[in-house]
Amino acid sequence: EVNVATIRVLAAEGCEVVVPQSQGCCGALMLHSGLETDAAQMARRFIDAFEAEASDVDTIVINAGGCGSTLKEYGHLLRDDPVYAERASMLASKCKDISELLDELEPRAPRHPVPLRIAYHDACHLHHAQGVKNEPRRVLGTIPGLELCEIPEADICCGSAGIYNLVEPDTASDLGDRKARHIQTTGAAAVVSSNPGCILQIESRLGRTGTTMRTYHMVEVLDASIRGETLA
């Protein structure tokens, strides 16, 4: 649903969207696991797919913070590969998070009001790894009626951290519970982020408290505004 919403939003903002059908995993999860050789192999396949099906695109748009941080580092990952090093750097130079591109574009599609108080969570792979913090806030700021709340200790991880919640579940759970408590202090009705791992982690930890707070990807909120729909 997030991918479909991403395509709808980009199309509404005047972009021609190409989806390479042969693309696979970008290798982020392997890289997060320390499996650099496997990640490099997946990166080569990814580059091959985009060169074959989307060589003439201006921008490669990513809606997952963890994937974006890996794609932007392809040049470093394949720096010693004589066949792929330059190609990897070229692909990486085209990569942008969805919020970066939308922040650059002049809004074209009308925004309908979304009367909702939300807490925005900075995904570590987006904020710390990519330096993308203000862009999603500015994009959300184009939506009438949307009230954005800042979460205390916003710079601290929610415990997802790639695969950290799988390999260090106890510490990850403590971090997740800490994040959930801070989110609840905002009085928000929903939590918005830009990374699937964070959304799943926060949803899980909030669920343990019995809260009915909803979770959304940033682009889902913008999509609802452009389409004039109520968020369920």
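The structure this text deals with has already been given above.
Keep in mind the model is a prediction, meaning the values are calculated, not measured.

What counts and what doesn't
Residues numbered from 1 in each chain as written. Predicted model: local features only at pLDDT ≥ 70, side-chain atom pairs only at ≥ 80, totals over all residues. Heavy atoms only, no water. Core = buried A, V, L, I, M, F, W, Y, C linked by side-chain atoms within 4.5 Å. Buried < 20%, exposed > 50% of the residue type's maximum accessible area, 1.4 Å probe, protein only. Helix = DSSP H or I, 4+ residues; strand = E, 2+ residues; numbered from the N terminus. Contact = heavy atoms within 4.5 Å. Polar contact = N/O pair within 3.5 Å; in protein donor to acceptor, adjacent residues only side chain to side chain. Disulfide = S-S within 2.5 Å. Arc of directions from axis to C-beta. Phe/Tyr/Trp six-rings, centres within 6.5 Å; stacked < 30°, edge-to-face > 60°. Pairing = 2+ DSSP bridges. Axes fitted to C-alpha atoms, helices over the stretch in contact; angles between N-to-C directions.

1. Some words on the nonpolar core
By size, the foremost hydrophobic cluster in this structure holds 39 residues, and its most contacted members are Leu102, Leu116, Leu140, Leu146, Val192 and Val221. If you list the elements that add at least two residues to this core, you get helix 1 (2-12), helix 7 (98-104), strand 3 (116-120), helix 9 (134-140), helix 11 (169-184), strand 5 (190-193), helix 12 (196-208) and helix 13 (218-227). At six residues, the largest contribution of residues to this core is made by helix 13. Residues contacting Leu140, with those up to four places away along its chain left out, are Ile118, Tyr120, Leu146, Leu148, Val192, Met218 and Val221.

2. Let's talk about the environment of Leu77
Tracing the chain through its elements places Leu77 in helix 5 (residues 74-77). Distance in space between the C-alpha atoms of Leu77 and Glu36 is 7.9 Å, their sequence separation being 41 residues. Those residues in contact with Leu77 that lie beyond four places of it in its chain are Leu31, Glu36, Ala39, Ala40 and Ala43.

3. Considerations on the side chain of Ser194
Structurally, Ser194 is set in the loop between strand 5 and helix 12. A distance of 3.2 Å separates the side chain of Ser194 from the side chain of Tyr120, its partner in a polar contact. Once you skip the residues sitting within four places of it in the chain, Ser194 turns out to touch Asn63, Ala64, Gly65, Tyr120, Leu126, Pro136, His217 and Met218.

4. Some remarks on the state of the cysteines
Under the criterion given, the structure shown has zero disulfides. Take Cys157: it sits in no disulfide, and the sulfur closest to it among the cysteines is that of Cys124, at 4.1 Å. A relative accessible area of 17% places Cys157 in the buried class.

5. Some words on helix 6 (residues 85-93)
All of the buried residues along helix 6 are Ala85, Ala88, Leu91 and Ala92. Along the long axis of helix 6, the arc covered by the buried residues comes to 130 degrees, so they all point the same way. Residues of helix 6 that are exposed and angled more than 90 degrees away from the buried face: Glu86, Met90 and Ser93. Where helix 6 is buried, its residues touch helix 3 (36-53), strand 1 (60-62), helix 4 (65-71), helix 5 and strand 2 (95-97).

6. Here's the deal with unusual backbone geometry
Positive phi, normally seen in glycine, also occurs at Glu153, with a value near 55 degrees. Assignment of secondary structure puts Glu153 in the loop between strand 4 (146-150) and helix 10 (164-167). Since its relative accessible area comes to 35%, Glu153 is described here as partly exposed.

7. Some thoughts on the packing of aromatic side chains
In this structure the tally under the stated criterion is two aromatic pairs. On the basis of an interplanar angle of 85 degrees and a centroid distance of 6.0 Å, the ring pair of Phe46 and Tyr74 is categorised as edge-to-face. With a gap of 28 residues between them, Phe46 in helix 3 and Tyr74 in helix 5 connect regions that are remote in the sequence. Relative accessible area serves as the criterion here: at 5%, Phe46 is assigned to the buried category. The structure contains a cluster of three or more aromatic residues connected by ring pairs, namely Phe46, Phe50 and Tyr74.

8. Side note on the sheet that holds strand 6 (residues 214-217)
The four strands lie next to each other as 4-3-5-6, forming an open sheet whose pairing is parallel. Among the strands making up the open sheet, the edge pair consists of strand 4 and strand 6. Between one strand axis and the next, the sheet turns by 35 degrees as a mean value, whatever way the strands run. Here strand 5 runs beside strand 6; their pairing, made up of four bridges, is parallel. In the sheet register, Ala190 faces strand 6, and the bridge partner there is Arg214.

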